[in-house]
Amino acid sequence: MTAEAFIFDLDGTLIDSEMLWVDAMVAYLADRRCECPRKEMMGIVFGRSWRDIYLDITTRFPALASVPMRQMAGELRDYYVEQCRNSGSILIPSSVALLKSLAKDYPVIVVSGSPHDDILEALKLMGAESSVRFVLGAEDYSPGKPSPAGFLMGARLLGVPPGSCVVFEDSWAGVTAAKAAGMTCVALARPTENPQDLSTADLVLTDLAGFEVEKLRS
């Protein structure tokens, strides 16, 4: 295959944040007398867009349906920041290094289920703002992963055929979306409390430091 552009997921691929979001959401709900076990919350959060998470939460807890999606995102972010303070660095260094390296020779974008502004903040944390052409977040496309909508929009805006795009993902939903878009998918299989089925990916790596464009072509 000919690689003309690269698309990165954010949470779990570039930053180690998904469990932080899980714990933030559990705490947020507990403070509102809406109990949800951590294990159950993993299934709600991992690999899914904020829009879909919000719809799931407000369906399970109708008392929260009166809270607008943007407002809940803002309230939840305070809980997430507190989790980050207690966890140290959330960057996945080898993934960030790969993004910056590829951006020297190819267009690179980020397509994530996180809110648009959160993606931009993460890029600042990585020092990668200038390496990324643009980002697509939860409010920029619909439906979310495992639908291919976000990846197809990204390819269209880049002016690159989907079959010439390579996606880096870490979740079943993300890998499924990439393959449905007709793209090559490289899955990052890091140790996690919520293992994902990545079997449909074209290549599975435990660390993106092992990725080479030439090996993918062969």
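No experiment lies behind these values; they were computed from the predicted model shown.

**Q** Quick one: what's the story with the side chain of Ser-112, residue by residue and with numbers?
**A** With respect to the helices and strands, Ser-112 occurs in the loop between β2 (108–111) and α6 (116–126). Polar side-chain contacts of Ser-112 include one of 2.9 Å to the backbone nitrogen of Ser-114. Excluding its chain neighbours within four sequence positions, the residues that come into contact with Ser-112 are Asp-9, Leu-10, Asp-11, Ile-119, Leu-136, Gly-137, Ala-138, Tyr-141 and Lys-145.

**Q** An account of helix α5 (residues 93–102) is needed here, citing residue identities and associated values.
**A** Listed in full, the buried residues belonging to α5 are Ser-94, Ser-95, Val-96, Leu-98, Leu-99 and Leu-102. Turning to α5, the residues buried within the fold contact β1 (5–8), β2, α6, β4 (165–169), β5 (184–188) and α9 (213–217).

**Q** Break down the nonpolar core for me, citing the residues and quoting the values.
**A** In terms of nonpolar packing, the biggest core is built from 58 residues, with Phe-6, Phe-8, Leu-29, Leu-102, Val-110, Phe-168 and Phe-211 touching the most fellow members. Tallying contributions element by element places helix α1 (residues 18–30) first for this core, with eight residues. Residues Tyr-141, Ala-149, Phe-151 and Ala-187 belong to the second largest nonpolar core, which totals 23 residues.

**Q** So, the pattern of salt bridges: which residues are in play, and what are the values?
**A** When the charged atoms of two side chains lie near each other, side chains of opposite charge can form a pair. Under the counting rule described, the total for this entry stands at twelve salt bridges. As a salt-bridge pair, Arg-60 and Asp-56 come within 2.6 Å of each other at their nearest N and O atoms. Here Arg-60 and its partner Asp-56 are both found in helix α3 (residues 50–60), four residues apart, which amounts to about one turn of the helix. Glu-82 is the salt-bridge partner of Arg-85, the closest N and O atoms lying 2.9 Å from each other. Taken as a pair, Arg-85 and Glu-82 lie in helix α4 (residues 69–85) at a separation of three residues, close to a single helical turn. The exposure class assigned to Arg-85 is exposed, which follows from its relative accessible area of 60%. Among the residues examined, Glu-82 registers a relative accessible area of 38% and is labelled partly exposed.

Scoring rules and cut-offs
- Residues numbered from 1 in each chain as written.
- Predicted model: local features only at pLDDT ≥ 70, side-chain atom pairs only at ≥ 80, totals over all residues.
- Heavy atoms only, no water.
- Helix = DSSP H or I, 4+ residues; strand = E, 2+ residues; numbered from the N terminus.
- Polar contact = N/O pair within 3.5 Å; in protein donor to acceptor, adjacent residues only side chain to side chain.
- Contact = heavy atoms within 4.5 Å.
- Buried < 20%, exposed > 50% of the residue type's maximum accessible area, 1.4 Å probe, protein only.
- Core = buried A, V, L, I, M, F, W, Y, C linked by side-chain atoms within 4.5 Å.
- Salt bridge = Lys/Arg side-chain N within 4 Å of Asp/Glu carboxyl O.

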